Each structure stands twice: as C-alpha cells, then as structure tokens.
Amino acid sequence: MRWIEVQEKRAPLVRNVIYAAKTIWGADKWYMLASIGYMTIDMVFEYFVQNILFLKILLSIIEGERDFKVYVRYLVIFAVSALVCKGGSWFFTYVNQIGAKRFLKAMNRKIFAKAGELDVSCYENPEFYDIYQRATEVITKSYYDIFNDSFAVIIGNLISFSLVVGVVASIDTAYLLFLVPILLVFAVEVSKSRYYYKRDLEMTKNNRVKAYIQRTMFLRDYSKDMRSSNIFYVLMHRFKGAIDANLMILKKYGFGLFIYSLVSSLFSEFIPIIGTYAYAGYKFVNTDEMTVSGFSVVLSSINSVRGAVDEIAECFSHISEMALYFENLHKFFDYKPNITDGKLEAGEFESLEFRNVSFKYPSAERQTLSNLSFKINKGDSIAVVGVNGAGKSTLVKLLLRFYDPDEGEILYNGINIKEYTLSSYRRAFGAVFQDYRNFAVSVYENVMCRECNTDEKLFAKDALIKSGVWNKIEKLEKSGDTVLTKEFDKDGIGLSGGENQKVSTARLFAQDFQIAVLDEPSSALDPIAEYNMYENLIEATKGKTVIYISHRLASAVLSNRVIVLDSGRLAEQGTHEELMKSGGEYSKMFTLQASSYSGKGAKENEE
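Draft legend 1. Geometry of the pairing of strand β8 (residues 545-550). Of all the six residues making up β8, six are buried; the element is thus mostly covered by neighbouring parts of the structure. Pairing analysis gives five bridges linking strand β3 (residues 381-385) to β8, with the strands arranged parallel. Note on β8: the bridge partner recorded for Val 384 is Ile 549. Two strands pair when backbone bridges link them, and strand β7 (residues 515-519) and β8 are joined in this way by five bridges, in the parallel orientation. Looking across to β8, one finds that Val 517 is bridged to Ile 547.

See below:
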C-alpha cells in the first residue's frame, strides 16, 4: 500500500490551510463566499459601527451641540444601518445553507468515487481504517463547516480589527504598543492546535474500537450470538477499556492544554487591557489631551479589539486543527492504487493460466500461495478444493485482480492480465463470493444491481427461480419489489442465511459472463438445496467455463478436473475418478465428507 502513515511530526500548516480552502472553494465557492459575507457584516457592525463609530458620533454630539434632533437623526441612520446589515446577513446565511448542501453533495460524490478506486487490500489493512476514519471525519463530523466558519470569522474580524485599530491610532499611536502581545497569541494557538491533534491521533484506535462495538451491538447478524453467549461482556470490557484509555490520554494532555490557554489569555487579554486602561486613565486624569468621548472610545475600542482577537485566536486554533484533518483527506484523495489499468481490451475467453504464482499478504509471515501453476481452457469445469486456509479464496482475489502476484504471472489468452483494462477483464467473469452481501434495496435491484424496469424484473425473476429462492420471494406482499432488511423500510424483509445466499447467487444467473467463479456458493445451504443449486448452475453455465472454489466436494463430482490445494501449493490435480483411485489427500477428504452425510463415519467412530 502507498499510504503515508501519519507520524508525530510537524505538519505543513500553511499548505494544509491552503488545501482545505481550495477544497471547499472547488466544491462550492458560494458556500465560502456567503460565510465570509455574513461574518464580515456581523463583525464590522458589532465591533466597529456599533461599539466605536456610533459611540464616537453620539459622544461628540453630547459634548458639543447637545442637539436632540441631530441625535435622533443619527439614531435613525444607525437603525436603518442595523436593518440593512441584518438583511444582508440573513441573505448570506441562506446562500451559505444552500451552498453547504451543494458542498456535501460534491464532496460525498468525490469520496465515493475515490473509495471505488481503492484496492481491496485497503479494506484488509487496519492502518487504512485509521487514516480513512480521520479523513472522513472532515465530512462526518462537519469539520469542513468548522473550517469554513472559522476562516470566515478570521477574515471578518481582521477587517473590523483593522478599522478599530485605525480609530485607536488616530487618538494616540502609543496604544498600538499594547496590542503587540496579541500577535504572539497566534503562535500559541498554532502550537495548541498541534497539541490537540496529537492528542486526537492517540485516541484514533480507541475510537475505532468504540465505533466497531457500537455498530456491532445494533446489527442483526450478531444479535443471537450476543444473547446466547458471554461475548456481550467481552465486548463491553473492550468498550470500557477504550473509554478508560481515552480518559488517560485526556488526562495526559489536560495540563498542557491548560498552560496553552493560560498563556494565550495573558497575551490576548491581560497585557493589552490592563496596559491600555492604565495608560488611558493616566492621560485622562493628568493631561488635557484626553476627552471623555476619547476616553470612552479608547476603552470601547480595546474591548472590541480584545473581542475580535479572542475570536481570531480561537478560530485560528480551530482552523489549524481542522487543516490537519484535511491533510488526511488530502492523503486519501492522493492515494494511488497498486492495481492499475492496462491498455488492452480483453477479448473472448480462450484460456487462463497461473504460471509459477506466489503471493503473501503484507502482514502475513508466510506465503499464502507458493509457486502455483495450472491452466484452464474454454469450456472447462474446474473445482479448486482444499481445507480452510489452503489458499482457495486468495486464488480468487488474484484471479479477479484484487491483488497482483508477488512472483509469477497470470495469463488471459496468453497475455499477462496486467496488460488489460480492469473493466474489460473483470467483465469476463461472473462471481459469487463466499462472504456474500445483500443490500438494503429491493430484491430485484439486489439481483440486477441497478434500478429495474418491467423487463428487467422478469429477467431477475428468472434468475431467482434458478437460484431456488423465488418460492419464498413470490409469497411476499410486494414480491421482488420488497426491500431486504427493515433498516429503511418497515415493510422490508429479513431473509435466512441460505435465502440471502440464494439471492446473491441469482446475480450470477442474471449476468452475461464467460467465466463463472463460484467461491463457496453453497456454504449456507443444506445438502438438498446445494444439489438443486448445482443442477441449475450446470444448466446455466452450459458452454461456459466454470471455476468452483469449495472445501465441500459436491462441486468436484460435477467438474471435469479437480485442483487440490494444500498450504498454498498444488497438491494434486486430475478428474474425480483419477484422484479417488490415487488414494491421496482428495480421496481422503471426499471419503470423510461422504461418510459424514451417510452417517457411516459416525458409526465407525462409535465402534
């Protein structure tokens, strides 16, 4: 995998902030512009127009003419200004809300598209889930909204800050000296945001454990085991352990965060406010330079500056922290798949060959497949058998290019499969997987894997008949339009394990394929249902190439060649009859399974 693991290092803050801003702007610029618009209006009105400009005008009137009509005129101007600003703020808020929905739509589409490019290996690597979780938190935890609002608040406050500082400087430039410590606040807040991120990074694994347990508790697939065993208490112990570990991490970083906040308050509030009040009070009492209106405006200005700086500092901290999460999103979008397209279009199938293929999973200590060689020709019916862990499912993953071999090559029509485009190559296969999954859509849509018109529903019905589950489906009130699971539809249906597998198998009957790959297609079926399914498979795959992957050997009798795997190596191959005569591993496996069906094995054990 080409993930760059997040280490405890100094992330490039400026680059991340720029990337985050470009991401939001690129998804929907009006979302960002509207935020800046209403934040700027609110900040400028509150900190400058209301607290400084209007106050200065009113105090000047009181000190000068004391004309009530003039006072009322300015009061009306202020009221109209307030209404205009409020109207502008409401407009930008509305535009922002619409923009946020467009942004989410665009980002989710982009994330889903990228997820479709990920190698299957990503989903089998714990490191991927840590990075993926931190990346998707930008969307799922609304970190994009925090960044966007904080970015807008900073711009709005910087504008109002500049206007207020201009007023203060016009009274006495000496006041600007007391604002210098405020600049140090930003350095403190950047360091504080990194400290927050480091803390959250340590909590990622614990949060993933918590999320897994919370999710598992509500899944139907686990409900019976939860209630019939002690596993509930095991999971609760793990859940409590994850919470306790997070509490330890929070305590570990708590004092440091307190110090950061203390230093930030010192630079942003204590020094500027005490210094300004002392200096302004001295000038007012001991000199004739400071008027009542000037004194009031200075104090109000400093409070406005403090408020603006506090908000800027807080938002600067937020934006720095959120930018670090956007860095994970950046890595997610920059991920380059190891399984890449070739340039050739895969033609009609003639042959498929494994030539000296070896493969080891990244986290494994030994090879799962070792120097494996065999060839399949058009029209062959092949059974790949072996005990659990022999490498059968790994063979399927390599066959469908979910992984590439470490050594050797796989040839389709004599050409390495890496030379073909993934879409054209995989289009040649119709697959039923061991870990089958159905989705919370209608039965017909589960079979056809798309929204269905009337003709397609008839085609799906035929596939369901062949898989042996139509007798169940047709009795439902909505027949094949019934949604599987009740998660989104109270009228949905929950099927048994065997029925679900038959629905999944129906996808194969509904496909136009050249090679059928059946990875444990009958694992959830009883012997009679298994026999009927294989009868239908034989009929549906006439003239096509079929590869059965199974540790149950019913499929081997139906095949014209059997490949026996043992610890990732080719142990035997031949016809069923040849292998039974040889008395090797296959013969022992078949005899043992046959005796378990007949009960003979049990009698022999009793004797």
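Draft legend 2. Quick peek at helix α10 (residues 392-399). The element α10 is largely enclosed, with a buried count of six among its eight residues. Every buried residue of α10 is listed here: Lys 392, Thr 394, Leu 395, Val 396, Leu 398 and Leu 399.

Draft legend 3. Geometry of the pattern of salt bridges. In total, this model carries 14 salt bridges according to the counting rule given. Among the ionic pairs, Lys 240 bridges to Asp 244, the shortest N-O distance being 2.8 Å. Highlighted residues: Lys 240 and Asp 244, both in helix α8 (residues 231-286), separated by four residues, approximately one helical turn. A salt bridge links Lys 457 to Asp 481, with the shortest nitrogen-to-oxygen separation between them at 3.1 Å. Here Asp 481 lies in the loop between α14 (470-473) and α15 (497-509) and Lys 457 lies in helix α13 (residues 454-467), a separation of 24 residues in the sequence. We classify Asp 481 as partly exposed; its relative accessible area is 37%. Linked through salt bridges whose partners overlap, the residues forming this network are Glu 353, Arg 355 and Glu 409.

Draft legend 4. The confidence of the model for the protein chain, seen in detail. Chain-level statistics for the protein chain give a pLDDT mean of 80 and a share of 87% at 70 or above. Looking at the elements of the protein chain, mean pLDDT is at its lowest for helix α20 (residues 600-606), recorded as 41, and at its highest for strand β5 (residues 415-416), recorded as 96. Overall, residues 600-607 carries pLDDT values under 50, and its contacts beyond four positions in sequence, including any with other chains, amount to two contacts.

Draft legend 5. Structural view of the sheet that holds strand β4 (residues 407-412). A sheet is described by the order of its strands in space; here four strands give the open sequence β2-β1-β4-β5, paired in antiparallel fashion. Every other strand in the sheet has two partners, leaving β2 (369-377) and β5 as the edge strands with one partner each. Looking at chain direction, β4 and β5 are connected through two bridges and run antiparallel. Its bridge partner lying in β5, Leu 411 is registered against Asn 416. α10 rests against β1 (351-359), β2 and β4 of the sheet, and its axis sits at about 115° to β1.

Draft legend 6. How the structure looks around the sheet that holds strand β6 (residues 429-432). The strand order β6-β7-β8-β3-β9-β10 describes an open sheet built from six strands, whose pairing is mixed. Two strands lie at the open edges of the sheet, namely β6 and β10 (569-574), each paired on one side alone. On average, each strand axis in the sheet is inclined to that of its neighbour by 15°, with strand direction left out of account. Alignment of strand β9 (residues 561-566) against β10, held across five bridges, turns out to be antiparallel. Paired with Val 562 across the two strands is Gly 574, which belongs to β10. Against the sheet, α10 engages β3, β6, β7, β8 and β9, with an angle of about 145° to β8.

Reading the values: rules and limits
Residues numbered from 1 in each chain as written. Predicted model: local features only at pLDDT ≥ 70, side-chain atom pairs only at ≥ 80, totals over all residues. Heavy atoms only, no water. Buried < 20%, exposed > 50% of the residue type's maximum accessible area, 1.4 Å probe, protein only. Helix = DSSP H or I, 4+ residues; strand = E, 2+ residues; numbered from the N terminus. Pairing = 2+ DSSP bridges. Salt bridge = Lys/Arg side-chain N within 4 Å of Asp/Glu carboxyl O. pLDDT = per-residue confidence, 0-100. Contact = heavy atoms within 4.5 Å. Axes fitted to C-alpha atoms, helices over the stretch in contact; angles between N-to-C directions.

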